[in-house]
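# Structural characterization, general
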Amino acid sequence: MNPHNLLLEEPIRMASLLEPSKPSFFPAMTKIVGTLGPKSRTVEIISDCLKAGMSVARFDFSWGDVQYHQETLDNLRAAVKRTKKLCAVMLDTVGPELQVVNKTEHPISLEADTTVVLTPDQDKEATKNLLPINFTGLAKAVKKGDTIFIGQYLFTGSETTSVWLVVTEISGEDVVCLVKNSATLDSPLYTLHVSQIRIDLPTLTDKDKEVITTWGFQNNIDILSLSYTRHAEDVRHARDFLSKLGDLHQTQIFAKIENVEGLNHFNEILHEADGVIFSRGNLGLDLPPEKVFLFQKAVLLKCNMAGKPAVVTRVVDSMTGNLRPTRAEATDVANAVLDGSDAILLGAETLRGLYPVETISTVGKICAEAEKVFNQDAYFKKAVKYIGEPMSHLESIASSAVRAAIKVRASVIICFTSSGRAARLLAKYRPAMPVLSVVIPRLKTNQLRWIFTGAFEARQSLIVRGLFPLLADPQHPANSTSVSDESVLKVALDHGMAAGVIKSHDRVVVCQKIGDTSVVKILELEG
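Residues numbered from 1 in each chain as written. Predicted model: local features only at pLDDT ≥ 70, side-chain atom pairs only at ≥ 80, totals over all residues. Heavy atoms only, no water.

### Details of helix 1 (residues 43-52)
Counting along an α-helix, one turn takes 3.6 residues, and residues three or four places apart therefore face a common direction. For helix 1, the complete set of buried residues consists of Val43, Ile46, Ser47, Cys49, Leu50 and Ala52. The inward-facing, buried residues of helix 1 contact strand 2 (54-60), helix 2 (66-83) and helix 12 (356-372). Where helix 1 ends, the next residue or the one after it, glycine 53, has phi of about 130°, a positive value. (Buried < 20%, exposed > 50% of the residue type's maximum accessible area, 1.4 Å probe, protein only. Helix = DSSP H or I, 4+ residues; strand = E, 2+ residues; numbered from the N terminus. Contact = heavy atoms within 4.5 Å.)

### Topic: the pattern of salt bridges
Inspection of every chain in the model, using the stated rule, returns 22 salt bridges. For the salt bridge of arginine 82 with glutamate 44, the shortest nitrogen-to-oxygen distance reads 3.8 Å. A residue pair is termed long-range when its members are at least 10 positions apart, and arginine 82 in helix 2 and glutamate 44 in helix 1 qualify at 38 residues. Between lysine 244 and aspartate 240 there is a salt bridge, with its nearest N and O atoms 3.3 Å apart. According to the relative accessible area criterion, aspartate 240 is partly exposed, its value standing at 39%. Through salt bridges with shared partners, a single ionic network connects Arg58, Asp60, Asp92 and Lys256. (Salt bridge = Lys/Arg side-chain N within 4 Å of Asp/Glu carboxyl O.)

### Structural notes on the pairing of strand 18 (residues 412-417)
Where a strand is regular, its side chains alternate between the two sheet faces. Taking burial as the measure, the six residues of strand 18 include six buried ones, the bulk of the element. The sheet contact formed by strand 18 and strand 19 (residues 435-439) spans five bridges and is parallel. Along strand 19, the bridge assignment pairs isoleucine 414 with leucine 436. The handedness of the strand 18 to strand 19 crossover, carried by helix 15 (residues 421-428), is right-handed. (Pairing = 2+ DSSP bridges. Right-handed = clockwise from strand over helix to strand, strands pointing away.)

### Regarding the sheet that holds strand 9 (residues 163-171)
Taken in spatial order, the seven strands of this open sheet run 4-12-8-9-10-6-7, and their pairing is mixed. Strands at the two margins of the open sheet, each flanked by one partner only, are strand 4 (98-100) and strand 7 (130-132). Each strand of the sheet is rotated relative to its neighbour by a mean of 35°, with strand direction disregarded. Across three bridges, the pairing between strand 4 and strand 12 (residues 190-194) is antiparallel. If you follow leucine 98 over to strand 12, its bridge partner there is leucine 192. (Axes fitted to C-alpha atoms, helices over the stretch in contact; angles between N-to-C directions.)

### Comments concerning the environment of phenylalanine 380
Inspection of the secondary structure assignment puts phenylalanine 380 in helix 13 (residues 376-387). As a C-alpha pair, phenylalanine 380 and tyrosine 429 span 49 residues in sequence and 5.7 Å in three-dimensional space. Once residues lying within four places of it in the same chain are set aside, the contact partners of phenylalanine 380 are Ser399, Val402, Arg403 and Tyr429.

### Some thoughts on unusual backbone geometry
In this structure, proline 390 follows glutamate 389 across a cis peptide bond, with omega equal to 0°. Tracing the backbone shows proline 390 in the loop between helix 13 and helix 14 (393-407). Of note in this structure, aspartate 113 is not a glycine but carries a positive phi near 70°. With respect to the secondary-structure elements, aspartate 113 resides in the loop between strand 5 (108-110) and strand 6 (115-119). One non-glycine residue, arginine 430, lies in positive phi territory at about 50°.

### Digging into the nonpolar core
Of all hydrophobic cores here, the largest spans 67 residues; its most connected members are Met54, Phe59, Ile212 and Trp215. Of all the elements, helix 12 adds the most residues to this core, at seven residues. In this view, tryptophan 215 contacts Phe59, Phe61, Val66, His69, Gln70, Leu73, Val89, Leu91 and Ile221; residues no more than four positions away in its chain are not counted. Counting 36 residues, the second largest nonpolar core, distinct from the first, contains Leu345, Ala398, Cys415 and Leu467. (Core = buried A, V, L, I, M, F, W, Y, C linked by side-chain atoms within 4.5 Å.)

### So, the packing of aromatic side chains
The final tally for this structure, using the stated rule, is six aromatic pairs. A centroid spacing of 5.2 Å and a plane angle of 50° characterise the contact between phenylalanine 59 and tryptophan 215, whose relative ring orientation is tilted. With phenylalanine 59 in strand 2 and tryptophan 215 in helix 4 (residues 206-219), the pair connects residues that are 156 residues apart, well separated along the chain. Relative to tyrosine 429, the ring of phenylalanine 380 lies with its centre 5.6 Å away and its plane at 50°, an arrangement referred to as tilted. (Phe/Tyr/Trp six-rings, centres within 6.5 Å; stacked < 30°, edge-to-face > 60°.)

### What about the environment of aspartate 92?
Here aspartate 92 lies in strand 3 (residues 88-92). Considered as a pair, aspartate 92 and phenylalanine 254 are 162 residues apart in the sequence and their alpha carbons are 9.5 Å apart. Beyond its immediate stretch of four places on either side in the chain, aspartate 92 contacts Arg58, Phe59, Asp60, Phe61, Ser225, Ser227 and Lys256. One polar contact links aspartate 92 to serine 225, side chain to side chain, over a distance of 3.3 Å. At a separation of 2.8 Å, a polar atom in the side chain of aspartate 92 contacts the side chain of serine 227. (Polar contact = N/O pair within 3.5 Å; in protein donor to acceptor, adjacent residues only side chain to side chain.)

### Looking at the sheet that holds strand 2
Here we have eight strands rolled up into a closed barrel, ordered 1-2-3-13-14-15-16-17, and parallel in their pairing. On average, each strand axis in the sheet is inclined to that of its neighbour by 25°, with strand direction left out of account. Contacts from helix 4 reach strand 2, strand 3 and strand 13 (223-226), with the element oriented near 160° to strand 3.

### Things to note about helix 15
Here helix 15 has its buried residues at Ala423, Leu425, Leu426, Ala427 and Lys428. Two residues or fewer after helix 15 comes arginine 430, characterised by a positive phi angle close to 50°.

### Some thoughts on the pairing of strand 14 (residues 252-257)
Strand 14 sits mainly inside the fold: six of its six residues count as buried. Residue alternation in strand 14 divides its side chains into two sets, Gln252, Phe254 and Lys256 and Ile253, Ala255 and Ile257, and both sets are buried. Pairing between strand 13 and strand 14: four bridges, direction parallel. Residue isoleucine 223 lies in a different strand from strand 14, and its bridge partner there is glutamine 252. Once you follow strand 13 into helix 5 (residues 232-243) and on to strand 14, the crossover reads as right-handed. With four bridges connecting them, strand 14 and strand 15 (residues 275-278) associate as parallel partners. Each bridged residue has a counterpart across the sheet, and for phenylalanine 254 the counterpart in strand 15 is glycine 275.

### A look at the packing of helix 14 against helix 15
Running from amino to carboxyl end, helix 14 crosses helix 15 at an angle of 50°, the nearest separation of the two axes being 9 Å. Between helix 14 and helix 15, the interaxial angle falls into the category oblique. By crossing handedness, the relation of helix 14 to helix 15 is classed as right-handed. Contacts from Leu394, Glu395, Ala398, Ala401 and Val402 of helix 14 reach helix 15 at Arg421, Ala422, Leu425, Leu426 and Lys428. Split into classes, the residues belonging to the contact of helix 14 with helix 15 amount to seven nonpolar, no polar and three charged. (Parallel < 35°, antiparallel > 145°, perpendicular 65-115°, else oblique. Left-handed = near helix turned anticlockwise from the far one by under 90°. Nonpolar A, V, L, I, M, F, W, Y, C, P; charged D, E, K, R; others polar.)

Here it is in structure tokens:
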């Protein structure tokens, strides 16, 4: 057990819980994904977000054009250089998202107990009695009595701009609805959600493909967030599409689970995806409220046991307009960490929120406190039991290294890797100490030129809980022929000391592949 960790089952002084946490180079083991937008796109603000703990920047193409996002990404790169902090880039697709088409962008007031018609005729003007939408098949998908939700994009739930409709009649391609509550639609982007109804649109739309082949290809995106993933075939299709776009064959695909259909096919989706985003905004509409936490716990456990990153969304919505989260939200963040989340994704809070930097900082502090009471011992036993016997060679090495680090109370685990797989396996066992992943580039050729790989692997680990990458000098081989490569190890140790996670006389566990042999070493540092 890490000396800074607490077990709530043991007797503790309540006053000790109020002791401030020591500042660290790593705000928390749990990572934070920030959505960049109007309130968070300058070099200064992005630099502050990186310092506060953001390690993945999300670019949401549900709004904004390619040029807008390119300017934001250029600012991100400038901020990375300024702060010397790595940051991964996530492209979030639009997917089969239903939207209200309000070309005038004038506010539309809907009154309770009145009728409104949803029409696919986008040439018509949006009024309080008629709302054009971007989908021609709604009339075939719904029936009388179905519930439709219309809300501001990335709605937080506190706005008076969301409306519930009940379908009363199908008239050709139009859907006639009864308005259940009064609301004013005054935002440029409103989305529709029909509870537990399949929308017959492709998961990777033509618009998504265009964005990926231009902006995504040009910028070598690290992670693709595949919105509205409903089947394993969705992931396979996206992977096949990326494989034909140069270096994007290395891009990881995170399945964004947003409805019951995706949950029903979750096991198959998890097998195909590199990670999962548990999108609680739309799932909160699709599921009965009392079932949301059950699915969250089940999804996170399955991801943890498979060793694939799990990301939870929509945790501090109120911080979009407030400097402090509600009590329920603070507890929600902590429970996401205790449930096993690798990362917390912030949407509206950083996209259009008034306090993007403060939100990232606050979420990071809550995560760090929750990690103190995470029962690592129980989790480790569960993970080992799940794997069963016989273990694979790599699983055996990873679990043994983590066990050794726990027993000797190591301050860090240092892992030399080229693909990143060994480091992710270590992180899978949720050690109480950070895993410094020294990613050693490999030289490859595509018949036209020689290139070094490793940057993708380093950035992609920025979404994995407890994993902190360091890109090594290409001169240092991943498979060393000597017993230890002292120079590259010294770089890692110096990095750990600069970060404040390694001190004199600390013990450090080192994982390294030497030839065909995997070695786990325990080092005791001199004063």
